[in-house]
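Observations on the three-dimensional arrangement
So you can see what is in the structure, the chains are spelled out below.
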Amino acid sequence: MTIRTETEDAAATGVSEPESPTIRVMTSGHELDESERIAPGTSGSTKHLEFDDDQVVFELDQLSCFYGSFRAVRDISLKVPKNQITALIGPSGCGKSTLLRSFNRMNDLIDSARIEGRILYHGVDLYEDGVDAVEVRRRIGMVFQKPNPFPKSIYDNVAFGPRVAGFRGNMDQLVEQSLRRAAIWDEVKDKLRTPGTSLSGGQQQRLCIARAIAVEPDVILMDEPCSALDPIATLKIEELMRELKENYTIVIVTHNMQQAARVSDVTAFLTMGEDRAGYLVEMAPTQELFTRPTNRLTEDYITGRFG
Amino acid sequence: MAGVARPEAIPPAAELVRRAISGKRIDVGARLFEGILLFSLLAALAILVTLLADVVGRGWVVYAERGTEFLTSGNSRDPAQAGVGQALFGSLALMVIVAIVSFPLGIGAAIYLEEYARDTPFTRFITVNIRNLAGVPAIVYGLLGLAVFVIALQDLTGPNSNGRSIISGGLTLAIVVLPIVIITASEALRAVPGTIREAALGVGATRWETIRSHVLPYAAPGILTGTILAMARAFGEAAPLIMVGGAASFVAAGDANLIDQLFGPYMAMPTLVYNWAGLPNQDFRALTAAGIMALLTTILLVNAIAIVLRNRYARRW
């Protein structure tokens, strides 16, 4: 099957026009023929996204992630744009979560995990000597796959981050503001003292988002935030993400291609080589990637023939 | 064609199904196995009940005649006057030392092993050996206590009692239960899901803030019940105390102050029972049984407290 035309596909996937004026797409200018397609196990991007320097939050330079001697992610180079939603998609086990967790040094918690290459955050290497992982995580928050509120009150769930950060202002106000921005205030305002674990799954996940934004991060990483939620809760979270991107840069890992198509501005497609290391196949504005993928692997994946 | 039921078509089909799914299978092997299992259970219970009945039967008379006076009076050569008062005090004092020494050390070691130590062959080696230590017979710890606390550290543990003091005994018992405290505390810490740690670290908490504000409070009920059970174990240990001198048959009347008592000779419940059981005077048989009753009641009480706490604060993740 050849690549379909834009009009057909926009109608088919329902992708809206991306609101991303800063994105310029630099394609290699021609359709790839069979010989140019990436062989499994090799790495690279067929299309390069270029942003103005001040619009780049993360820049990955030949990043590889290892667990012991196993290479989970191979030689990834990409840029994550500011105030946009970047989706990482790909089949299970291709290293999306590993990659995401290296963005805020969450993988430091795993003894055998290490990286090669560089992750620049506003131009600063996150893994260079002297960088404090705690400070990194304060600026780069995370929302996890399974809602994981603390078994404490809703209020304390939100207030914990600011407290350890030494917040001295009006905590009640900050808690309310965070819960409002996470679109859950109306549902919990009368029961702030009840345990966060008593909420429904979707509410718990929004509470976790409120907890993440209470420390005023710069970036929010989301690791399949809707995989444990029903469709209605999922839509609420997606709506919330679109609102949040005005103030935050969001990187989301998702198994759900429709979700990537619905919410993200930029999408990176990863897959696994024969050595089971994940590599970047293609990264492009979401609409581009879903309508005119330049790589056969991408096309196979988004049309559901693989993965 | 469907829905047009021919009258004769229904019974045969239903009858076939009924025949296929009904029947009373007699599985001899399974019955036999069940019987053996039930017998094992009953045998274990019967032994326990016999022991208890025997003890209560022999010891009850002491409580009937002397009441709580038996629980408060000191030891004596005269069976009519001998009581477990001093031994109860000695055991309680030992428990206080055990708690003060083994809880901070044990819980601290567990936190280090679970939260800080990297997963290396060396750490795994240590973990395995702590489990082994928990299985080492208590008498071995008694020898250790004798060598270290009674003899080597005599000047510190009991200058006037040749080191055979409550301090020595308490420290020895603390070492006996230390591995148990470490293991139970480790298990309680491990039961706190990693996602909770990630959540706390993810909003910029340090490792210590994560442990202090989340991991420890959520593991506290488990740690607490584990440590209480360790106390019950220490309360009933006789062997190490016999080694380190908790078997003094008679203790001078307690007009000494508390500090002097800590450094002085003492008696503990299990060793008192052990002593009485060895005396030739038949009248001490009843006292032995009564002492066992007091010992068992205390241990059961402590275990019951642990169970109640566990049920009340148990957390589902």
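In this text, all values refer to a predicted model and were calculated from it rather than measured experimentally.

Looking only at helices and strands, one finds 14 helices and zero strands in chain B. Helices and strands in chain B line up, N terminus first, as α-α-α-α-α-α-α-α-α-α-α-α-α-α. At 28 Å, chain B has a C-alpha radius of gyration far larger than the 20 Å of a compact globule built from 317 residues. Out of the 317 residues in chain B, the part that is buried amounts to 37%.

Time to look at the nonpolar core. Nonpolar side chains in soluble globular proteins generally cluster together in the buried interior. Membership of the largest hydrophobic core comes to 88 residues, with the highest contact counts inside it found for Leu88, Ala210, Ile220, Leu221, Ile250 and Val251 of chain A. Contact partners of Ile250 of chain A, with chain neighbours within four places excluded, come to Ile85, Ile220, Met222, Met241, Leu244 and Lys245 of chain A. Counting residues in each nonpolar core, the second largest holds 67 residues, with Ile107, Val177, Leu241 and Trp276 of chain B among its members.

Attention now goes to the pairing of strand 4 (residues 70-81) of chain A. Residues and elements named next belong to chain A. In this sheet, strand 4 lies alongside strand 3 (residues 56-67) in antiparallel orientation, the contact comprising eight bridges. Looking across to strand 4, one finds that Leu60 is bridged to Leu78. The turn linking strand 3 back onto strand 4 is made up of two residues, and Gly68 within it adopts a positive phi angle of 65°.

With that out of the way, let us pick up the packing of helix 10 (residues 207-236) of chain B against helix 14 (residues 283-313) of chain B. Residues and elements named next belong to chain B. At a minimum axis separation of 9 Å, helix 10 and helix 14 run at an interaxial angle of 175°. As judged from the angle between their axes, helix 10 and helix 14 are roughly antiparallel. Across the interface between the two elements, Pro221, Leu224, Thr225, Ile228, Leu229, Met231, Ala232, Phe235 and Gly236 from helix 10 touch Leu295, Thr298, Ile299, Val302, Asn303, Ile305, Ala306, Leu309, Arg310 and Tyr313 from helix 14. Across the contact of helix 10 with helix 14, the residue classes break down as 14 nonpolar, four polar and one charged.

Right, let's get into unusual backbone geometry. All names here are of chain A. A positive phi is found at Gln62, a non-glycine position, where the angle reads about 50°. Inspection of the secondary structure assignment puts Gln62 in strand 3. A tally of 12 C-beta atoms within 10 Å means that Gln62 is categorised as exposed. Despite not being glycine, Glu216 has its phi angle at roughly 55°, a positive value. Looking at the element boundaries, Glu216 is found in the loop between helix 7 (201-213) and strand 9 (219-223). You can call Glu216 partly exposed: it has 16 C-beta atoms within 10 Å.

Here we take up the interface of chain B and chain A. Counting residues at the interface gives 18 residues for chain B, matched by 20 residues for chain A. Looking at the side of chain B that touches chain A, the elements that each hand over two or more residues are helix 9 (194-202) and helix 10 of chain B. With seven residues, the top contributor of residues to the side of chain B that touches chain A is helix 9 of chain B. Of the residues that constitute the side of chain B that touches chain A, the class distribution is seven nonpolar, six polar and five charged.

Rules used throughout
- Residues numbered from 1 in each chain as written.
- Chains lettered and ligands numbered in written order.
- Predicted model: local features only at pLDDT ≥ 70, side-chain atom pairs only at ≥ 80, totals over all residues.
- Helix = DSSP H or I, 4+ residues; strand = E, 2+ residues; numbered from the N terminus.
- Rg over C-alpha atoms; globule rule 2.2 N^0.38 Å.
- Buried ≥ 20, exposed ≤ 12 C-beta atoms within 10 Å, placed from the backbone.
- Core = buried A, V, L, I, M, F, W, Y, C linked by C-beta atoms within 7 Å.
- Contact = placed C-beta atoms within 7 Å.
- Pairing = 2+ DSSP bridges.
- Axes fitted to C-alpha atoms, helices over the stretch in contact; angles between N-to-C directions.
- Parallel < 35°, antiparallel > 145°, perpendicular 65-115°, else oblique.
- Nonpolar A, V, L, I, M, F, W, Y, C, P; charged D, E, K, R; others polar.

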